[in-house]
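Reading the structure
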Amino acid sequence: MADAGEPVPAFKDRLVFDDAAGELRDGARRYLLLRPDALMAMFRLLPPDTRALTLGALEQAVHQQGSDSARAYLAHSGGDVEMLLTIIERTSPQLGWGTWRFEADGDRLRLEVRNSPFAHAFGLSEQPVCHAVKGMLRGLADLWLGRPAQSSELQCSAQHHATCTFEARAA
Ligand SMILES: [Zn+2]
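First, a word on what this report is: a plain description of the structure on this page.

**Here we look at unusual backbone geometry**
- If you check the backbone angles, N115 has positive phi at about 65° while not being a glycine.
- Among the structural elements, N115 can be located in the loop between strand 5 (108-114) and helix 5 (117-122).

Here it is in structure tokens:
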């Protein structure tokens, strides 16, 4: 284990509500409170082909931004990726992204999410809808594997499963 140095304060303790500027920030990173039903209704309103494309774009966008955030956490945790995963498990509930549990399985990184806001807000779906989580997992798996990863949502609570389960492996 690398020396973690100063413990990373919890996300909810780092978050700054700057009323004068009309901003919520974690360091330089700006956050937005948006009801998940507003976000997911947008996808539901789109025709299926377009919905699949835009959910894919959300996955890519979160992968990009999530990787930036993850690298910032990693710098704080002395480059210890295992500690990074622990920090993400602690942070996800504070972001309102459900409760996350990572499990390493050989060269695969598995993730179980309970109470995903994306699935909850979307409602029943034939296809998984937690593309934001999938993108975040891919960014974390890039760091965990030390090379580009791919990720998939194996089952989603929007499909009537109790939890959402994901898997990432080398691309
Ligand atoms: Zn899901």
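**Regarding the pattern of salt bridges**
- With the rule as written, the count across this model stands at 12 salt bridges.
- D68 is the partner of R71 in a salt bridge, and the nearest nitrogen-oxygen pair spans 3.6 Å. With R71 and D68 both in helix 3 (residues 48-76), this residue pair falls three residues apart, about one helical turn.
- Looking at R71, the relative accessible area reads 45%, which means it is partly exposed.
- Assessed through its relative accessible area of 44%, D68 is described here as partly exposed.

**Examining the coordination of the zinc ion**
- Ligation of the zinc ion by protein atoms is provided by C130 (SG), E153 (OE), C156 (SG) and C164 (SG), these donors lying 2.0 to 2.3 Å from the ion.
- Geometry at the zinc ion is tetrahedral, judged from the four donor atoms that bind it and their angles of 100 to 116° at the metal.
- All donor residues of the zinc ion come from one chain, and their arrangement in sequence is C-x22-E-x2-C-x7-C. Highlighted residues: C130 in the loop between helix 5 and helix 6 (131-145) and C156 in the loop between strand 6 (149-155) and strand 7 (164-170), separated in sequence by 26 residues. In this structure, C130 and C156 share a single accessibility class: buried.

**A look at empty space enclosed by the protein**
- With the rule as written, the count across this model stands at one cavity of 30 Å³ or more.
- Roughly 50 Å³ of internal volume is contained in the largest cavity.
- Put simply, the parts of the chain that give the lining of the largest cavity at least two residues each are helix 1 (11-14) and helix 4 (81-95).
- The leading source of residues in the lining of the largest cavity is helix 4, at four residues.
- Taken together, the residues that form the lining of the largest cavity break down as five nonpolar, two polar and two charged.

**As for the environment of Q127**
- Here Q127 shows up in the loop between helix 5 and helix 6.
- By relative accessible area, which is 53% here, Q127 ends up exposed.

Calculation criteria
- Residues numbered from 1 in each chain as written.
- Predicted model: local features only at pLDDT ≥ 70, side-chain atom pairs only at ≥ 80, totals over all residues.
- Heavy atoms only, no water.
- Helix = DSSP H or I, 4+ residues; strand = E, 2+ residues; numbered from the N terminus.
- Salt bridge = Lys/Arg side-chain N within 4 Å of Asp/Glu carboxyl O.
- Buried < 20%, exposed > 50% of the residue type's maximum accessible area, 1.4 Å probe, protein only.
- Donors = N, O, S within 2.8 Å, 3.2 Å for Na, K, Ca; no water.
- Tetrahedral: all angles 85-135°; square planar, octahedral: opposite > 155°, others 65-115°.
- 1 Å grid on protein atoms, 1.4 Å probe; cavity = no way out; pocket = protein on both sides within 12 Å on 5 of 7 lines; lining within 4 Å.
- Points joined across faces, edges and corners; volume = space filled by probe spheres on them.
- Nonpolar A, V, L, I, M, F, W, Y, C, P; charged D, E, K, R; others polar.

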